[in-house]
Amino acid sequence: MNFKQLATKYKTPLYVYNLDYMSERYKELKEAFKGRKSILAYAVKANSNLSVVKHFGDLGSGADCVSIGEVRRALLAGIPPYKVIFSGVGKSDDEIREAILSDILYINVESEAELFRVEQIAKELGSVSRISVRVNPNIDPKTHPYISTGLHDNKFGVDIDSAKRMYVLAKNSTALDPVGIHFHIGSQLTHLEPIYESAVIVADMVRSLLAIDIELKFFDIGGGLGVTYDKEVTIKPYDYAQAILGAIKGLDLTIICEPGRFLTANAGYFLTKVLYEKQNGDKKFVVVDGAMNDLLRPSLYNAYHKIEALVEDKSKTKVVDVVGPVCESGDFFAKNYELPEVKRNDLLIIHSAGAYGFGMGSNYNTRGRSAEVAVKGGEDRLIREREEFEDIIALEKEFI
Ligand SMILES: *Cc1c(COP(=O)(O)O)cnc(C)c1O
């Protein structure tokens, strides 16, 4: 990829996505489940640009959505309703109503209270809502606490006993159709055991439901597959699929897998330019034109992103903090990072920025969000324009 050319053509800061890489990851994971009924439902929140969602839709992907906005994106991008799932711990009545009216595959229910709301709303609409229950298997996924979701300490899902009650309730309701069961224990998982253990717990639950005549069709294993940002050794799709298949042995279920990060993280690059170098005492800083409002992960999770300097002479290096212009000390891309010597206008490539990058962006400090560019078959296309001042204030125009 010619980053220099792209930066000249579209300016910086800039997100660049390699759609061909996304296709490869999609096919690799799909292949791992070969011979079994399976749907990959791309987790839209990882990178929700319409062109990216459509790209996965064109490959046959479904969509896992965590707001009605994401459901709308998926449908707008051409993903058929029967491949769309709506998850999330706090769905509003309006969201539930629209999801039922959109006739999506199912709503992932995350509490007993929510189940009652879904039932009530389906009744009011004279409809039947397909549901799945998100089970919290209380398994430690061994990832960053902010992205762990499968422990009782986390707000997600319901414990096994509550889940069972909910299935019985749904089975006896004229407005609910329990079709699936779901777990998602965390993100950036690099160990297979917690996933396997969770799958075994949830598969046992499926068997015990079968015994009371509740027959589910979908075994929704969530997402969470980790990727390599630095040197992490992570889970291989083949081993992942084998573990899941092992857990559901003897059961006739369609597997739903909801990968986000795995499909997009390493397809994305964030391009930013050096503005200044400065030194406070012994501490050296490289100030760039991108910031935490563009790519929040380092600030939020202390996440590592590889930074590559596009300079000819890489022999001389300095240990620096790479920081943005935002008025927060937490505004950094890397700390104590060994970077080749750079000067004003040199280009830095921040790697692995395709997942939870642009989508976590904001207008903090009244900074417009970066433009987004997709590269496919060697051709580049602008898929979202850079936000200008007028875009940022558009909804405040009638100020008092
Ligand atoms: C975030 C999320 C995913 C995707 O997680 P990744 O770690 O990006 O694969 C899948 N399912 C649910 C319910 C989610 O909330």
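Residues numbered from 1 in each chain as written. Predicted model: local features only at pLDDT ≥ 70, side-chain atom pairs only at ≥ 80, totals over all residues. Heavy atoms only, no water.

Topic: the environment of L271
Here's step 1: By the secondary structure assignment, L271 is in strand β10 (residues 268-280).
Here's step 2: A relative accessible area of 0% places L271 in the buried class.
Here's step 3: Sequence separation between L271 and G368 is 97 residues, and the spatial gap between their C-alpha atoms is 15 Å.
Here's step 4: L271 has contacts with F3, A7, T12, P13, L14, V16, L347, L348 and I349, leaving out every residue within four places of it along the chain. (Helix = DSSP H or I, 4+ residues; strand = E, 2+ residues; numbered from the N terminus. Buried < 20%, exposed > 50% of the residue type's maximum accessible area, 1.4 Å probe, protein only. Contact = heavy atoms within 4.5 Å.)

Overview of the pattern of salt bridges
Here's step 1: Overall, the coordinates contain 21 salt bridges when judged by the stated rule.
Here's step 2: The closest approach of N and O atoms between K37 and D252, which form a salt bridge, is 2.9 Å. Of the two residues, K37 is situated in the loop between α2 (19-32) and β2 (38-43) and D252 in the loop between α9 (237-247) and β9 (254-257); the sequence distance between them amounts to 215 residues.
Here's step 3: Close ionic contact of K343 with D346 constitutes a salt bridge, the shortest N to O distance being 3.4 Å.
Here's step 4: Residue D346 is classed as buried on the basis of its relative accessible area of 11%. (Salt bridge = Lys/Arg side-chain N within 4 Å of Asp/Glu carboxyl O.)

A closer look at the side chain of E372
Here's step 1: For E372, the position within the fold is in strand β16 (residues 371-376).
Here's step 2: This buried residue, E372, is left without a salt bridge; R384 holds the nearest opposite charge, at 4.5 Å.
Here's step 3: Engagement of the side chain of E372 in a polar contact is seen with the side chain of N49, the distance being 2.9 Å.
Here's step 4: Apart from the residues lying within four places of it in its own chain, the contact partners of E372 are Y15, Y17, N47, N49, F358, R381, L382, I383 and R384. (Lys, Arg positive; Asp, Glu negative; His and termini not counted. Polar contact = N/O pair within 3.5 Å; in protein donor to acceptor, adjacent residues only side chain to side chain.)

Regarding the domain arrangement of the chain
Here's step 1: The domain architecture assigned to the chain consists of domain 1 (3-14 + 266-386) and domain 2 (87-259).
Here's step 2: The C-alpha centroid of domain 2 is placed 36 Å from the C-alpha centroid of domain 1.
Here's step 3: Tallying the contact residues gives 9 residues for domain 1 and 8 residues for domain 2.
Here's step 4: Carbon and sulfur atoms make up 55% of the area that domain 1 and domain 2 hide from each other, which totals about 710 Å².
Here's step 5: Sorting the residues of domain 1 by area buried against domain 2 places N266, Y301 and Y304 first, and these three jointly supply 58% of that buried surface.
Here's step 6: Linking domain 1 with domain 2 are 0 salt bridges. (Domains from an automatic or database assignment. Buried area = accessible area lost by both parts, 1.4 Å probe.)

Things to note about the sheet that holds β9
Here's step 1: Strand order in the closed barrel formed by 8 strands is β2-β3-β4-β5-β6-β7-β8-β9, with parallel pairing between adjacent strands. When strand polarity is set aside, the average angle formed by the axes of neighbouring strands in this sheet is 30°.
Here's step 2: Two elements, β2 and strand β3 (residues 62-65), share 3 bridges in a ladder whose sense is parallel. Paired with A41 across the bridge in β3 is G62.
Here's step 3: Most of the contacts of helix α5 (residues 93-101) go to strand β5 (residues 106-109), to which it runs at about 145°, and overall it touches β4 (84-86), β5 and β6 (129-134). (Pairing = 2+ DSSP bridges. Axes fitted to C-alpha atoms, helices over the stretch in contact; angles between N-to-C directions.)

Some thoughts on the site of the ligand
Here's step 1: Taken together, 15 residues surround the ligand, and among them K45, S187, E258, R261 and Y356 come closest.
Here's step 2: Here a nitrogen atom of the ligand sits 3.1 Å away from a polar atom, N or O, in the side chain of D64.
Here's step 3: For the ligand, an oxygen atom lies 2.5 Å from a polar atom in the side chain of Y356.
Here's step 4: Out of a free accessible area of 390 Å², the ligand has 95% covered by protein chains.
Here's step 5: Judged by the proximity of its atoms to the pocket grid, the ligand belongs to the largest pocket.
Here's step 6: Its residues assigned to classes, the shell around the ligand comprises 3 nonpolar, 7 polar and 5 charged. (Near = heavy atom within 4 Å. Areas by Shrake-Rupley, 256 points an atom, 1.4 Å probe, with all protein chains shown as cover. 1 Å grid on protein atoms, 1.4 Å probe; cavity = no way out; pocket = protein on both sides within 12 Å on 5 of 7 lines; lining within 4 Å. Sits in = over half its atoms within 2 Å of the grid points. Nonpolar A, V, L, I, M, F, W, Y, C, P; charged D, E, K, R; others polar.)

Brief notes about the environment of T254
Here's step 1: Relative to the assigned elements, T254 resides in strand β9.
Here's step 2: Its relative accessible area of 13% is what places T254 among the buried residues.
Here's step 3: Distance in space between the C-alpha atoms of T254 and V89 is 24 Å, their sequence separation being 165 residues.
Here's step 4: Discounting residues that sit within four places of it in the chain, T254 has contacts with K37, S38, I39, K217, F218 and F219.

Considerations on the layout of surface pockets
Unoccupied space between atoms shows up once a probe the size of one water molecule is rolled over them.
Here's step 1: Quantified by volume, the largest pocket comes out at close to 540 Å³.
Here's step 2: Every residue lining the largest pocket is counted, 34 residues in all, and those nearest its centre are K45, V66, T149, F156 and H184.
Here's step 3: Residues belonging to the lining of the largest pocket are distributed by class as follows: 13 nonpolar, 12 polar and 9 charged.
Here's step 4: Per-domain counts for the lining of the largest pocket show at least three residues from each of domain 1 (3-14 + 266-386) and domain 2 (87-259).
Here's step 5: The computed volume of the second largest pocket comes to approximately 290 Å³.
Here's step 6: Every element with two or more residues in the lining of the second largest pocket is listed here: α3 (50-58), α4 (68-76) and β17 (379-384).
Here's step 7: Here the lining of the second largest pocket is composed, by residue class, of 5 nonpolar, 4 polar and 6 charged. (Points joined across faces, edges and corners; volume = space filled by probe spheres on them.)

What to know about the nonpolar core
Here's step 1: In this structure, F219 and L339 are the most contacted members of the largest nonpolar core, which totals 100 residues.
Here's step 2: When residues of this core are assigned to their parent elements, the largest contribution, 7 residues, is made by helix α8 (residues 193-211).
Here's step 3: A domain-level breakdown of this core finds at least three residues from each of domain 1 (3-14 + 266-386) and domain 2 (87-259).
Here's step 4: Sequence-distant contacts of L339, that is, excluding residues within four places in its chain, are made with V286, I307, A309, K316, T317, K318, V320, V322 and L348. (Core = buried A, V, L, I, M, F, W, Y, C linked by side-chain atoms within 4.5 Å.)

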